[in-house]
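Listed below are the residues making up each chain.
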Amino acid sequence: MLYLIMSKYIINGSSLPDIPWEDRPSSSDLEKDLMWRYSKNPIIPRDLTLRSNSIFNSAVVPFKGQEAGFRYAGVFRCDDTARHMDIHAGKSKDGINWVIEDEPIKFIKTDPELPDSDYKYDPRVIFIEDRYYIIWCNGYCGPCLGMAYTYDFEKFYQMENPMMPYNRNGALFPRKIGKNYAMYSRPSDSGHTPFGDIWYSESPDFIYWGKHRHVMSPNGGWQSTKVGAGPCPIETTEGWLVFYHGVLTSCNGFVYAFSAALMDIDKPWKVIARPRPYIINPREIYELAGDVPNVTFPVASLVDKDTGKVAIYYGCADTVTGLVFGKIDEIIDWVKKNKM
Ligand code: BMA
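What this report covers is the structure whose coordinates are included nearby. (Residues numbered from 1 in each chain as written. Predicted model: local features only at pLDDT ≥ 70, side-chain atom pairs only at ≥ 80, totals over all residues. Heavy atoms only, no water.)

**Details of the pattern of salt bridges**
- Counting across every chain of the model gives 16 salt bridges.
- Measuring nitrogen to oxygen at the nearest pair gives 2.8 Å for the salt bridge that ties Arg175 to Glu235. Pair noted here: Arg175 is in the loop between β11 (167-172) and β12 (181-187) and Glu235 is in strand β16 (residues 234-236), with a separation of 60 residues, a long-range link.
- Taking the relative accessible area as the measure of exposure, Arg175 reaches 28% and is therefore partly exposed.
- For Glu235, a relative accessible area of 13% gives the class buried.
- What you see here is one network of salt bridges that share partners, running through Arg46, Arg83 and Asp291. (Salt bridge = Lys/Arg side-chain N within 4 Å of Asp/Glu carboxyl O. Helix = DSSP H or I, 4+ residues; strand = E, 2+ residues; numbered from the N terminus. Buried < 20%, exposed > 50% of the residue type's maximum accessible area, 1.4 Å probe, protein only.)

**Description of the site of the ligand**
- The ligand sits among Asn57, Arg77, Tyr121, Asp122, Tyr256, Val292, Val295, Phe297 and Asp318.
- Arg77 is positioned with one of its side-chain polar atoms (N or O) 2.7 Å from an oxygen atom of the ligand.
- Asp122 is positioned such that a nitrogen or oxygen atom in its side chain is 2.6 Å from an oxygen atom of the ligand.
- Among the residues making up the shell around the ligand, the classes are represented as five nonpolar, one polar and three charged. (Near = heavy atom within 4 Å. Polar contact = N/O pair within 3.5 Å; in protein donor to acceptor, adjacent residues only side chain to side chain. Nonpolar A, V, L, I, M, F, W, Y, C, P; charged D, E, K, R; others polar.)

Here you go:
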């Protein structure tokens, strides 16, 4: 009977039998709710570390460390009570309950000339070849992209900044596209940026980036002001599945929702299918109220390639972290059906 729970689309990833998970509640129906929230959201409270004002927009990956029992590691955006933005390492046995370091990550510079960061926020983490890469929004003459690697989530090595100011929302691909490493990013301005398109870039060595291609622009409704890549792309037989946030401008400010699109596997700047509706938008009280109201901001995904279960970690109202669940098959079918 195993075939009944197998994913219909082939996902190029790892088996993750103990992925954080809760079945779709009986009150939820696929036509109405493509994905569903964890019943105990938010999973990370704002004050989990000693001096944190808020913990949100954070990245997690499967990781077996030296310490017995820990199955997940992550890099967490913790704004402190002086409202300084920085990123902290964390670990977890189940992907839901986290132990996060009180102190920010102290990066070892791979080149002594590398500039210091004024701040760091919105990390993404991905395993490529032999190590974990972290990419974040880095303060250096304004927001640009910063990058580092780690093998063990103990020592972190800071690399060259891949993108100059102003840029945010870097998301690396888990493998090379052709001969090069690849990423999505979003050129921006120095402030809260009332515009934003997703761009694609390649690099042979993680230092020199080029072959910049436009991917997609805002285009109405919930995604009418700006769009940005969320978690690192997920490889499937139907294309790269990319969760992305979209922003609309209401009379009270920005509203951040998210959805998913399918991109060409060899030319990931080409959109195969992009839906008109969002999947998740701010509805629950922890998404509607907080330091920045009306924000649901996805930054990490865990996927079990065998069952196609996916768990998305997302920032809620720039204050706490939540989890939503879904099935890759259902999401891909929905993206195709709701294609613009
Ligand atoms: C973006 C980033 C995110 C944040 C969002 C909503 O520009 O700063 O970190 O979640 O705004 O405030």
